Amino acid sequence: MRIETERKLDFNDVLIRPKRSRLKSRGDVELSRTFKTPHAGVDITGVPIIAANMDTVGTLKMGAALAEHDMFTALHKHYPLDEMQKANISGAFSFVTFGIDDINKIDNVLNTLQSNSINKICLDVANGYTENFVDFIRDVRKHHPGKIIMAGNVATPDMTEALILAGADIVKVGIGPGSACMTRAMTGIGYPQLSAIIECADAAHGLSGLICADGGCRMPGDVAKAFAAGADFVMLGGMLAGHTECMSADELKEIKDSDDGLVEYYGMSSKVAMDKYAGGVAPHRASEGRVVKVEYKGDVKDTVQEILGGLRSACTYVGASKLKELSKRATFVVKSAA
Ligand code: 5GP
C-alpha cells in the first residue's frame, strides 16, 4: 500500500484568476479549433464540446442540433444500424460508439455508414486500464488506419500514454466524476477531475495526442475550467440532458403532461440501463450508475448559448482571443477550505 499526499483538485476547488486583456468584446472570441490527429492523420475542426455517448444524451436529434453549432455528438451505441443509416448523420460532427466489440461488427457498421462520411469512432469502456482494451484499440487502429479514434476512460498519465501508443488519437479522461456515476461510492476508485485533466493533457500532448475531459461539468464555468486545464475536448452528459432532443415525441408529450415535468437521466451502468440493454444486472456485477431527475429544459440551443457564452466570457476575462489560448493564459487559484 502507498499513499500519495499531494493535493489533487476538482472543478470546485479552483477559480480562474482574471487577467488584463486587450479584448474589446466576448463576441471577438473564436471557439472553433482545428486539431491534428497523431494516428488518423486527418484534422478535426469544430467547437470542441461533445455530447456524451449515453442514450439520454447522445441521440441522433442531439447530433443534428449540435452540428448546427459546429459541436460534436458521440452517438450512443444502442441505435439499430438501419436507424442510423436512415438518419442524416453529420459525418463531420459525429462519433459512432462501440464497447469492446467483435472487430467484424465494427467493420460492418463503418462500412454501412460510409455514405455518411463517418470518420470518428468512440471506443468506450468504464475501465480503460485493462490489457484487453489496449489490444482492442490496437486492433481497431489496424483495421481503420484513417479513422479518428477516441478511447477511454482513464484518469492517469501512464494510461493516457498507453492508449495513445496503442492507436488512440483522443483519450477520454474521467473515472468517477459523472453526475450519474456511482463508481466512487461503489468501488472507492476515482481521481479528482481537474488534476486528471491537467496531468493527462500533459501526457497526451507530449505524444501529439489529444484528450477529452469526460464528466463532472455541472455548469458553464466548469467547462471553462476543463479547457483552461488543458482539455482539447469536453464531453457533457448531465448539462445536455433533459432537452427536447434527448427524447422521442411520445416521451416529450408524457413529460409535458406530467405534474412535475422531470426527465430521467441515468448512468449507462445503472440498473435502468442494464435492464434496458443487458437483460438486467448480471449476478457478478453491481450497478455503478444512478438515476437523476432533471428538469425539462426545452430546446438544447438555449443551453448551448449559455455554455458558449460562458466560455467566451471566460476567455475574455483572461485575455484569450481564441479558445486555443485559454489554457496558456489561465492561472488557477485554489480556494481556501470553506
Ligand atoms: P456528466 O457530464 O453527467 O457529469 O458525466 C457524463 C459522463 O459520465 C459520461 O460521458 C460517462 O463517462 C460517465 N457515465 C455515464 N454513465 C455512467 C455510469 O453509469 N457509471 C459511471 N461510473 N459513469 C457513467
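These figures come from a predicted structure and were not determined experimentally.

A few words on the pairing of strand 5 (residues 94–98). With five of five residues buried, strand 5 is to be regarded as a mostly interior element. Burial along strand 5 is two-sided: the face carrying S94, V96 and F98 and the face carrying F95 and T97 are both buried. Summarising the sheet, strand 4 (residues 71–75) and strand 5 pair through three bridges and their orientation is parallel. Along strand 5, the bridge assignment pairs L75 with V96. With helix 2 (residues 81–86) bridging strand 4 and the parallel strand 5, this β-α-β connection has right-handed handedness. With three bridges connecting them, strand 5 and strand 6 (residues 120–124) associate as parallel partners.

Right, let's get into the packing of helix 4 (residues 131–143) against helix 5 (residues 157–166). One way to put it is that helix 4 packs onto helix 5 with a least axis distance of 8 Å and a crossing angle of 30 degrees. With respect to helix 5, the axis of helix 4 lies roughly parallel. When helix 4 is examined against helix 5, the residues F133, V134, I137, R138 and R141 are found in contact with a partner set consisting of M159, L163 and A166. The class makeup of the residues in the contact of helix 4 with helix 5 is six nonpolar, no polar and two charged.

This part is about the environment of D232. Relative to the assigned elements, D232 resides in the loop between helix 8 (220–228) and strand 10 (233–236). Among the residues examined, D232 registers a relative accessible area of 5% and is labelled buried. Each C-alpha atom, one on D232 and one on A286, is 33 Å from the other, the two residues being 54 residues apart in sequence. With residues near it in sequence (within four places) discarded, D232 still touches R33, F35, P48, H205, G209, L210, I211 and F227. Separated by 2.8 Å, the side chains of D232 and H205 make a polar contact. Reaching out from D232, the side chain makes a polar contact with the backbone nitrogen of I211 at a distance of 2.8 Å.

Criteria and cut-off values
Residues numbered from 1 in each chain as written. Predicted model: local features only at pLDDT ≥ 70, side-chain atom pairs only at ≥ 80, totals over all residues. Heavy atoms only, no water. Buried < 20%, exposed > 50% of the residue type's maximum accessible area, 1.4 Å probe, protein only. Helix = DSSP H or I, 4+ residues; strand = E, 2+ residues; numbered from the N terminus. Pairing = 2+ DSSP bridges. Right-handed = clockwise from strand over helix to strand, strands pointing away. Axes fitted to C-alpha atoms, helices over the stretch in contact; angles between N-to-C directions. Parallel < 35°, antiparallel > 145°, perpendicular 65-115°, else oblique. Contact = heavy atoms within 4.5 Å. Nonpolar A, V, L, I, M, F, W, Y, C, P; charged D, E, K, R; others polar. Polar contact = N/O pair within 3.5 Å; in protein donor to acceptor, adjacent residues only side chain to side chain.

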